[in-house]
Amino acid sequence: MLIRLFVKFLKGLYLTRRFYITGAAIAFIFALSFYIPLLEELGKIFLAFLIIALLIDALIVYGKNNITAERICASRFSNGDENKITILIQNLYTFTVQLKLIDELPEQFQQRNWSRHLTIPGNSSASVEYVLRPFERGEYNFGNILALIKSPLELIERKYTIEAAAMVQVYPSYAQMRRYSLVGVSNDLQEAGAKRLRKSGQSVEFEQIKDYVRGDDYRTVNWKASARKGQLMVNTFVDEKSQQVYCLIDKSRSMKMPFGGMTLLDYAINASLVLTNVALQKQDKAGLLTFAQKVDSFVIAEKKSVQMEAVLEALYNQQTKFLDPDYESLYAYIRNRIKQRSLLILFTNFESLYSLQRQMPYLRQIAHYHLLMIVFFENTEISSLLKKDASNTEEIYIQTIAEKFAFEKRQMVKELNQQGILAVLTAPENLTVTAMNKYLEVKAKQMI
């Protein structure tokens, strides 16, 4: 038992730089005593003082546990967003301590040198705030909190290990979803980047008959109601509701490409979460379908209060597959499960015109029964390469190839539009706002 306590004591004991400098100075005095014998006694006095000071420091610091710490963070993190973590530290010593704080972060962040230096007065507390930005979904495990404190004489350091192991789940970007949700409630989506769109025509969904006020469209005057009441009455209409909107997410190898630390799949998942929320705010039915070689997840379109939670849980564990997608299976599944005409927003990526043309027969068949919108990605690395000035033959050759790829992306948009399929080409970081703008445009034009 005594041996265990002694080993535990040694594990938490660190000698400081001041101790080593003082010890080196005393050793130098002993070395000089070979030439000046009077210095030997002086060296012994200094050595005795050092040992006594070291014991006093140890007794003060190891008298009892006087440092506590607690990590405060959400049980869920938002993927691709900054998540705040707070560590509360309390100093129960009667003297001021200099403290080095170390938090054992999840291995996904690959940060092995995270630390903060604090000075905390006696019988007081302090807090440290920092943010983490995860780039992949899943479980993240925090370790313990370590605190290294210096003694009053700063001859030794004591290491406190505070048990704080915790698991945090990283979900698709619900922080982004909430941001758009707040403006969606007030129908002020322009603040979030959505464009103001002019409605073409008028909605066919009747709401009510009301008194005419200056500014109302005279074409909406209800003459029969006006004759009965003896004053002008007008019909009012609202946007059509309960239309079905499905987000289709391709999980094949083309969605594994990383941009800005996140894969295209994660960008698509975050955008799908926001679109689902906005569709529900607009009183539409929102659903989800993920596929690769076959359909993996399917959430039927509803507008129930628990629909967002169902979509969030379905998106949490989605992983990229490493084979080509099977659009024939996708078409068969859609024909079998989605009977009502719906807006299908397909998040995928085509890197060449040939890869699009291979899947075009199945895309045309899907578009025959539903309004199909294909959202695919602009290669921002190629775009930045085209902006540079070529200085030699090799760079000219590289830019020519890059221009060919960029041209093919624009050609894909034309090809899809010719087939009656809506096409959206966007940079990954602009995906959410671009897709939301297109959805609002479809609603404004009453295309579903």
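Note that this is a predicted model, so its numbers are computed, not measured. (Residues numbered from 1 in each chain as written. Predicted model: local features only at pLDDT ≥ 70, side-chain atom pairs only at ≥ 80, totals over all residues. Heavy atoms only, no water.)

Student: Describe the overall build of the protein, and please don't skip the residues or the numbers.
Tutor: Helix and strand content of the protein: 12 helices and 21 strands. For the protein, the proportion of its 448 residues judged to be buried stands at 46%. Expressed as a percentage of contacts within the protein between residues at least 6 apart in sequence, the contacts between residues at least 24 apart total 73%. For the protein, the computed accessible surface area is about 24,700 Å², with 54% contributed by carbon and sulfur atoms. (Helix = DSSP H or I, 4+ residues; strand = E, 2+ residues; numbered from the N terminus. Buried < 20%, exposed > 50% of the residue type's maximum accessible area, 1.4 Å probe, protein only. Contact = heavy atoms within 4.5 Å. Areas by Shrake-Rupley, 256 points an atom, 1.4 Å probe, with all protein chains shown as cover.)

Student: Describe the packing of aromatic side chains, and please don't skip the residues or the numbers.
Tutor: Counted by the stated rule, this structure contains 11 aromatic pairs. For the pair F298 and Y333, a centre-to-centre distance of 5.5 Å together with 70° between the ring planes defines the contact as edge-to-face. Of this pair, F298 sits in strand β18 (residues 295-302) while Y333 sits in helix α8 (residues 327-337), and the two are 35 residues apart along the sequence. With a relative accessible area of 23%, Y333 lands in the partly exposed category. Through successive ring pairs, a cluster of aromatic residues spans F291, Y327, F350 and F376. (Phe/Tyr/Trp six-rings, centres within 6.5 Å; stacked < 30°, edge-to-face > 60°.)

Student: Go over helix α9 (residues 353-369) with me, naming the residues and quoting the values.
Tutor: Across its 17 residues, α9 extends 24 Å between first and last C-alpha, which sits within 8% of the 24 Å expected from 1.5 Å per residue. When the local axis directions of α9 are compared, the greatest deviation, roughly 50°, occurs at M360, which is followed within four positions by the proline P361. Those residues of α9 that fall on the buried side of the exposure criterion are L353, S355, L356, Q359, M360, L363, I366 and A367. Contacts made by the buried residues of α9 are with α8, β19 (342-347), β20 (371-377) and α11 (393-418). (Expected span 1.5 Å × (residues − 1). Bend = angle between axes of the 7 residues up to and from the residue.)

Student: Explain the pattern of salt bridges to me, and be specific about the residues and the numbers.
Tutor: Per the counting criterion, the structure on display carries 15 salt bridges. Salt-bridge contacts for D324 lead to R253; the nearest nitrogen and oxygen are separated by 3.1 Å. Here D324 is found in the loop between α7 (307-316) and α8, whereas its partner R253 is found in the loop between β14 (244-250) and β15 (258-259), with 71 residues between them in sequence. What makes D324 partly exposed here is its relative accessible area of 35%. In this structure, R410 and E403 form a salt bridge, with 3.2 Å as the shortest nitrogen-oxygen distance. Connected via shared salt-bridge partners are R76, E309 and E313. (Salt bridge = Lys/Arg side-chain N within 4 Å of Asp/Glu carboxyl O.)

Student: Outline the packing of helix α6 (residues 264-281) against α7, supporting the account with residue identities and numerical values.
Tutor: The contact between α6 and α7 brings their axes to 10 Å, and the two run at 170°. Viewed along their axes, α6 and α7 adopt a mutual orientation that is roughly antiparallel. Counted together, I269, L273, T276, N277 and L280 of α6 and Q307, M308, V311, L312 and L315 of α7 form the full contact between these two elements. Split by residue class, the contact of α6 with α7 holds seven nonpolar, three polar and no charged. (Axes fitted to C-alpha atoms, helices over the stretch in contact; angles between N-to-C directions. Parallel < 35°, antiparallel > 145°, perpendicular 65-115°, else oblique. Nonpolar A, V, L, I, M, F, W, Y, C, P; charged D, E, K, R; others polar.)

Student: Before we move on, could you go through the packing of α8 against α9 and cite the residues and values that matter?
Tutor: Put simply, α8 and α9 touch, their axes get as near as 9 Å, and they point 15° apart. Considering the angle they form, α8 stands roughly parallel to α9. The handedness of the crossing between α8 and α9 comes out as left-handed. Contacts from Y327, E328, L330, Y331, I334 and R335 of α8 reach α9 at Q359, Y362, L363, Q365, I366 and Y369. (Left-handed = near helix turned anticlockwise from the far one by under 90°.)

Student: So what's going on with the sheet that holds strand β21 (residues 422-426)? Residues and values would help.
Tutor: Sheet architecture is open: six strands sit in the order β18-β17-β14-β19-β20-β21, paired in mixed fashion. Each edge of the open sheet is held by one strand with a lone partner, namely β18 and β21. If you compare each strand with its neighbour and ignore which way they point, the axes differ by 15° on average. As paired elements, β20 and β21 share five bridges and run parallel to each other. Bridge pairing in β21 links F377 to T426. On the sheet, α7 packs against β14, β17 (285-291) and β18 and is oriented at approximately 170° with respect to β18. (Pairing = 2+ DSSP bridges.)

Student: Before we move on, can you summarise α8 with the specific residues and values?
Tutor: Every α-helix carries 3.6 residues per turn, so stepping three or four residues along brings you back to the same face. Among all positions in α8, only Y327, L330, Y331 and I334 are buried. Summarising the axial view, the buried residues of α8 lie within an arc of 100°, below the 170-degree limit, and thus occupy one face. Those residues of α8 that are buried are in contact with β14, β17, β18, β19 and α9. (Arc of directions from axis to C-beta.)

Student: Would you mind going over a nonpolar patch on the surface in detail, with residue names and values included?
Tutor: On the surface, F28, L32, F34, Y35, I36 and L38 cluster together into a nonpolar patch covering about 780 Å² of accessible area. Relative to the assigned elements, I36 resides in the loop between α2 (17-32) and α3 (38-61). (Patch = residues over 30% accessible without salt bridge, like charges linked within 9 Å, V, L, I, M, F, W, Y side chains within 5 Å.)

Student: Explain the sheet that holds strand β2 (residues 67-72) to me, and be specific about the residues and the numbers.
Tutor: In space, the three strands of this open sheet follow the order β2-β4-β7, with antiparallel pairing throughout. Both edges of this open sheet fall to β2 and β7 (124-132), since each of them pairs with a single strand only. Going across the sheet, the axis of each strand differs from the next one's by a mean of 15°, ignoring polarity.

Student: Summarise unusual backbone geometry; cite the residues concerned and give the values.
Tutor: Comment: phi is negative for the bulk of residues other than glycine, and the bulk of peptide bonds are trans. A positive phi is found at N123, a non-glycine position, where the angle reads about 50°. Counting through the fold element by element, N123 comes out in the loop between β6 (116-120) and β7. Residue class for N123 comes out exposed when judged on its relative accessible area of 54%. Phi angles above zero are rare outside glycine, and E154 is one such case at about 60°. You can see E154 is positioned in the loop between β9 (145-150) and β10 (156-162).

Student: Before we move on, can you summarise the confidence of the model for the protein with the specific residues and values?
Tutor: Confidence along the protein averages 84 in pLDDT terms, with 90% of residues attaining 70 or more. Of all secondary-structure elements in the protein, the lowest mean pLDDT belongs to helix α1 (residues 2-11), at 56, while β19 reaches the highest, 95. Of the regions scoring below 50 in pLDDT, residues 184-189 engages in 11 contacts with residues more than four places distant in sequence or in other chains. Overall, residues 196-202 carries pLDDT values under 50, and its contacts beyond four positions in sequence, including any with other chains, amount to 14 contacts. (pLDDT = per-residue confidence, 0-100.)

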